[in-house]
Amino acid sequence: MDLEPMQAILKSVESLAGVEISLETVRNPDGTVLIKAGDKITLDKIEQLKDNGLNRIWVKVEEVVPPLVEPEKIEQAKQEIQRVFRSAVEKFKIESEQVWRVSQTVLSDIMSNYGEKISLVFLVQQTDEDYTYTHEVHVSMISSLVGMELGLRVEQLSHLAFAAMVHDVGKVLIPREILLAPRRLTPEEFEVMKKHVAFGERIVRKSGLNDDRVVSAVRDHHEKLDGRWLSRRFN
Ligand SMILES: [Fe+2]
């Protein structure tokens, strides 16, 4: 896969110093181009941006920080998780050894590349079906990073990265026409969709994974603090 890590930041026009490179093409109200993507945003352009009422602009990050996890690694992890989930449909259990291996690979990259400045890259979703697998890997990366920021111990981080990597495994039992519906779900379909957390809990328990932290991540990841369902999105 040929993916360039995105090194970009959304800056307020107020904070521009006249040296930044724009990553977007900005037009004047009359349609003429004010700044082309790749152009330096000079001081007079900044004034014109302000005159046009633009508050923020995507600019290139001057210093390129290598991503915590390289896109190729994310793609590999996604493919592994896809295999694990597909086999979970047939066996109603997950190959936890595989998941440990994948989550440890991601976590160890994050731990060793973690530093003063960090950068995360994410894979662009290729198909609707890919979304679930890619999402598991992305969530595992973000969870590991949050865990690092919180100062969790390695053992805790390992369980966190693992749990995040399978948190949506129950989706393998949701009918495809609901899981991949390219529209807002009906209330009845939504009730079915909500079951993925309970299905997930059964799958991880059946796989011999009874660690509370893992079970809870799978069962409770849509729960708000007041016990209500998190949202109408199903991530
Ligand atoms: Fe979910």
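To keep things clear, this report deals only with the structure shown in the data block. (Residues numbered from 1 in each chain as written. Predicted model: local features only at pLDDT ≥ 70, side-chain atom pairs only at ≥ 80, totals over all residues.)

A short note on the overall build of the protein
Working step 1: The helix and strand tally for the protein stands at nine helices and four strands.
Working step 2: The N-to-C order of helical and strand elements in the protein reads β-β-β-α-β-α-α-α-α-α-α-α-α.
Working step 3: By its C-alpha atoms, the protein is 65 × 45 × 40 Å across when sized along the principal axes.
Working step 4: Evaluated residue by residue, the protein yields a buried proportion of 28% over its 235 residues.
Working step 5: Sequence separation of 24 or more characterises 69% of the internal contacts of the protein that already satisfy a separation of 6 or more. (Helix = DSSP H or I, 4+ residues; strand = E, 2+ residues; numbered from the N terminus. Buried ≥ 20, exposed ≤ 12 C-beta atoms within 10 Å, placed from the backbone. Contact = placed C-beta atoms within 7 Å.)

Some words on unusual backbone geometry
Working step 1: Of note, F92 is a non-glycine position whose phi angle comes to about 55 degrees, a positive value.
Working step 2: As for its placement among the helices and strands, F92 is situated in the loop between α2 (71-91) and α3 (96-113).
Working step 3: The class for F92 is partly exposed, based on 14 C-beta atoms found within 10 Å.

Observations concerning the packing of helix α4 (residues 128-150) against helix α5 (residues 154-165)
Working step 1: Put simply, α4 and α5 touch, their axes get as near as 7 Å, and they point 155 degrees apart. Classified by the interaxial angle, the pair formed by α4 and α5 is roughly antiparallel. For the pair α4 and α5, the sense of crossing is right-handed. On α5, the residues touching E136, V137, V139, S140, S143, S144, G147 and M148 of α4 are Q156, L157, L160, A161, A164 and M165.
Working step 2: Of the residues assigned to the contact of α4 with α5, the class counts are eight nonpolar, five polar and one charged. (Axes fitted to C-alpha atoms, helices over the stretch in contact; angles between N-to-C directions. Parallel < 35°, antiparallel > 145°, perpendicular 65-115°, else oblique. Left-handed = near helix turned anticlockwise from the far one by under 90°. Nonpolar A, V, L, I, M, F, W, Y, C, P; charged D, E, K, R; others polar.)

So, the nonpolar core
Working step 1: Counting 35 residues, the largest nonpolar core has V106, M165 and V169 as the members making the most contacts within it.
Working step 2: Of all the secondary structure elements, the ones that give two or more residues to this core are α2, α3, α4, α5, α8 (196-206) and α9 (212-220).
Working step 3: No other element matches the seven residues that α5 contributes to this core.
Working step 4: Apart from the residues within four sequence positions on either side, V106 is in contact with V69, A77, V137, S140, M141, S144 and A161.
Working step 5: I41, I46, I57 and V59 belong to the second largest nonpolar core, which has six residues in total. (Core = buried A, V, L, I, M, F, W, Y, C linked by C-beta atoms within 7 Å.)

Observations concerning α4
Working step 1: Here α4 spans 33 Å end to end across 23 residues, near enough to the 33 Å set by a 1.5 Å rise per residue.
Working step 2: The largest bend along α4 reaches roughly 25 degrees and is located at T134.
Working step 3: G151 sits one or two residues past α4 and shows a positive phi near 80 degrees. (Expected span 1.5 Å × (residues − 1). Bend = angle between axes of the 7 residues up to and from the residue.)

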